[in-house]
Amino acid sequence: MNCRTHGSKPTLALWMLVALADLAIVATAAGPITMLLVVVGLMVLAGGVYVARNLPNRAATTAETPIRRRA
């Protein structure tokens, strides 16, 4: 018999298409306003995570270095 192993690429691609179709069905059932609010909420959350991760790095680089004169 000609069997594919579990987890082969065509099988994964098929399940990804099924997952996308499920998301489309849920988005249609929930309504456009609800999906818009969910997307905006996810964007705000991602922006907050980005700022929280980069804020300590910015504070470390703003320290003033003393100006040294040449003798």
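Residues numbered from 1 in each chain as written. Predicted model: local features only at pLDDT ≥ 70, side-chain atom pairs only at ≥ 80, totals over all residues. Heavy atoms only, no water.

### A closer look at the overall build of the protein chain
Helix and strand content of the protein chain: two helices and zero strands. By residue count, 3% of the 71 residues in the protein chain fall in the buried class. Accessible surface computed for the protein chain: about 7200 Å², of which carbon and sulfur atoms make up 69%. (Helix = DSSP H or I, 4+ residues; strand = E, 2+ residues; numbered from the N terminus. Buried < 20%, exposed > 50% of the residue type's maximum accessible area, 1.4 Å probe, protein only. Areas by Shrake-Rupley, 256 points an atom, 1.4 Å probe, with all protein chains shown as cover.)

### Some remarks on the UniProt feature "transmembrane region" (unreviewed entry) in the protein chain
Sites flagged by UniProt as "transmembrane region" (unreviewed entry) map to residues 12–29 and 35–52. Regarding residues 35–52, the helix share stands at 100% and the strand share at 0%, and the terminal C-alpha atoms are separated by 26 Å. (UniProt positions renumbered as here; feature names shortened; annotations may be inferred.)

### Digging into a nonpolar patch on the surface
A surface patch of nonpolar side chains, about 360 Å² in accessible area, is lined by Val38, Leu42, Leu45 and Val49. Within the secondary structure, Leu42 is located in helix 2 (residues 32–61). (Patch = residues over 30% accessible without salt bridge, like charges linked within 9 Å, V, L, I, M, F, W, Y side chains within 5 Å. Salt bridge = Lys/Arg side-chain N within 4 Å of Asp/Glu carboxyl O.)

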